[in-house]
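So you can see what is in the structure, the chains are spelled out below.
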Amino acid sequence: MKCLKSIAVFFLVLIPFLEITAQNLKPGFDKAEYKELIYIATRSTESPEKAKEIPLPEHSKLLYKSKPMGLDNLWELWLKDGNTAVICTRGTTEKPESWLANLYAAMSPAKGELKVSNTETFKYELSTNDHAAVHTGYLLSTAFLSKDMLPRIDSCYKAGIKNFIIMGHSQGGGISYLLTAYFYNLQSSGDLPADIRFKTYCSAAPKPGNLYFAYDYERKTQNGWAYNVVSAADWVPQTPFSVEMPEDLPIVSPIPLVEETIKQQTLFKRMFLNMVYGKLTNPSRKTVKTYQKLLGTEIAKKVKDDYLPEFVAPQFYNSNNYVRTGNTIVLYPNPNDAVYYEKFPNNSKDLMIHHSFPPYLYLLNQLE
């Protein structure tokens, strides 16, 4: 309550200034804007050693920092340029529960309910497409974070702030996809004001969901309102592993025709064709089942037993067709850039050598 009162007082003081200086967010990738967001995200996500290499935010002030929640999730509210609220979600920490959020990679439907405790159920809609599915660990994180974010968004709006940037690096970027989709659908249902403008930068983010989720997300954020910034040398944006099954294709596809054609063959032809068809399709189906067991059922048990005893694991969506999502800005290390590879060598034992903020900032400065 004290924190909310402090934020309210801060905004009341700013209201006259905001009315004079307020300007709308602009669509499109803004190199300076993303650089400022790196400075912001570094404060909560980066290790102290690497954070020393990154300047402090130049145009932003910290208004609020949450307590850790859920699977060691945390977010910060910053005020940028006096008129834009920045919602910054922390990336993975060293705590095991934070890594469980990444590993809990079986897919859940993008619309439904998630029981996080005996007294709280998160009702969500991240896509209007019934075939859309998302990363379950990031969905669980979204349930905790969004509950704490919404009152602060309301306070900002009442203070005259209608511009919001959503930012997250690494795990924070993966969660930011889902937060963005959640807030857009709250606007569609009238639960958030329609004149709030969201702009999203998912930085070094893992893949958030399947192709149907990506289509819907990109439709809602197209024309320059959401970006996926990745380094070509970074392994994290290539996770989770993707497996496509025949069931992942749209209703109208060659698959029903192939299956119907096989049924119409004579017995021996049918047996042979079914054997060939099975060899082509069964391996992907078996792999998805394995992923659902290891990265779904087993991880859910760990989450429940060790961290969230009242959590009820959702029914999984039968897919593992993770795809790169959003308008992508590629930061590309030049193979002949001796300075880059001296600072960030491929033979380093640091698995995050190309994933942390220093290499991203270096490559951003090279971006034309």
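Residues numbered from 1 in each chain as written. Predicted model: local features only at pLDDT ≥ 70, side-chain atom pairs only at ≥ 80, totals over all residues. Heavy atoms only, no water.

### Notes on the sheet that holds strand β2 (residues 75-80)
For step 1, the next point in the chain: The strand order β1-β2-β3-β8-β9-β10-β11 describes an open sheet built from seven strands, whose pairing is mixed. Either end of the sheet is taken by a strand with one partner, and the two such strands are β1 (60-65) and β11 (327-331). If you compare each strand with its neighbour and ignore which way they point, the axes differ by 20° on average.
For step 2, the next point in the chain: Relative to strand β10 (residues 226-231), strand β9 (residues 197-203) runs parallel, the two being bridged by four bridges. Note on β10: the bridge partner recorded for C202 is N228. (Pairing = 2+ DSSP bridges. Helix = DSSP H or I, 4+ residues; strand = E, 2+ residues; numbered from the N terminus. Axes fitted to C-alpha atoms, helices over the stretch in contact; angles between N-to-C directions.)

### Points about the UniProt feature "domain: Fungal lipase-type" (unreviewed entry) in the protein chain
For step 1, the next point in the chain: UniProt tags residues 86-242 as "domain: Fungal lipase-type" (unreviewed entry).
For step 2, the next point in the chain: Counting secondary structure, residues 86-242 comes out at 38% helix and 27% strand; the distance between its end C-alpha atoms is 31 Å. (UniProt positions renumbered as here; feature names shortened; annotations may be inferred.)

### Focus: the environment of D72
For step 1, the next point in the chain: Here D72 is to be found in the loop between β1 and β2.
For step 2, the next point in the chain: What makes D72 buried here is its relative accessible area of 7%.
For step 3, the next point in the chain: Discounting chain neighbours no more than four positions away, the residues touching D72 are R90, T93, K95, E97 and S98.
For step 4, the next point in the chain: A polar side-chain atom of D72 sits 2.6 Å from a polar atom in the side chain of T93. (Buried < 20%, exposed > 50% of the residue type's maximum accessible area, 1.4 Å probe, protein only. Contact = heavy atoms within 4.5 Å. Polar contact = N/O pair within 3.5 Å; in protein donor to acceptor, adjacent residues only side chain to side chain.)

### A few points about the packing of aromatic side chains
For step 1, the next point in the chain: Counted by the stated rule, this structure contains 19 aromatic pairs.
For step 2, the next point in the chain: Taking the centre distance of 5.9 Å and the plane angle of 20° together, the rings of Y34 and Y201 count as stacked. Note that Y34 is positioned in helix α2 (residues 31-45) and Y201 in strand β9, a separation of 167 residues in sequence. Pair check on accessibility: Y34 and Y201 agree, each one buried. (Phe/Tyr/Trp six-rings, centres within 6.5 Å; stacked < 30°, edge-to-face > 60°.)

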